[in-house]
Amino acid sequence: QVQLVESGGGLVQAGGSLRLSCAVSLRTFSIYAVGWFRQAPGKEREFVAASRWLGGNTYYADSVKGRFTISRDNAKNTVYLQMNSLKPEDTAVYYCAARRSYSGTVQYGYVYEYDYWGQGTQVTISS
């Protein structure tokens, strides 16, 4: 079983930065990948960034590429999302997610591809 707990959300002025953290508690399974998604009021949950648990492959939504960086500290079982140059449209609840294992083609950017989800952390960017 995998447990995910996000933290680091808050209120930031446009142009500012935030770093989100996701503590990953591994039980009997390893994980193949971790991802960040966000959901604004009235909108569907959308992909933000993802990374394989092992290795250097990272993936980003076009809307955040160049501004956000996903990283890991595997020794601490923690995933980070560094968010710079924040915009009001980045306002959303941000969720950390994990995929248990690889099976078939993994594209990383879809909600259904992940098995575990955190509770979410609110990020609000003011103009």
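Before any of the text, the structure's been laid out above.
Residues numbered from 1 in each chain as written. Predicted model: local features only at pLDDT ≥ 70, side-chain atom pairs only at ≥ 80, totals over all residues. Heavy atoms only, no water.

Novice: Just give me the short version of the state of the cysteines, but keep the residues and values in it.
Specialist: For the coordinates displayed, the defined rule picks out 1 disulfide. Paired through a disulfide, C22 and C96 show a sulfur-sulfur distance of 2.1 Å. An S-S torsion of about -80° defines the bridge between C22 and C96 as left-handed. Highlighted residues: C22 in strand β3 (residues 18-26) and C96 in strand β9 (residues 92-99), separated in sequence by 74 residues. Given the relative accessible area of 0%, C22 is considered buried. (Disulfide = S-S within 2.5 Å. Helix = DSSP H or I, 4+ residues; strand = E, 2+ residues; numbered from the N terminus. Buried < 20%, exposed > 50% of the residue type's maximum accessible area, 1.4 Å probe, protein only.)

Novice: If you had to explain the pairing of β9 to someone new, which residues and values would you point to?
Specialist: Taking burial as the measure, the 8 residues of β9 include 7 buried ones, the bulk of the element. Where strand β4 (residues 33-39) lies against β9, 7 bridges are found, and the strand directions are antiparallel. Residue pairing for β9: F37 is matched across the bridge by Y95. Relative to strand β11 (residues 121-126), β9 runs antiparallel, the two sharing 3 bridges. For V93, the partnering residue across the bridge sits in β11 and is Q122. Both β9 and strand β10 (residues 116-117) contribute to a ladder of 2 bridges, which runs antiparallel. Residue pairing for β10: A97 is matched across the bridge by W117. (Pairing = 2+ DSSP bridges.)

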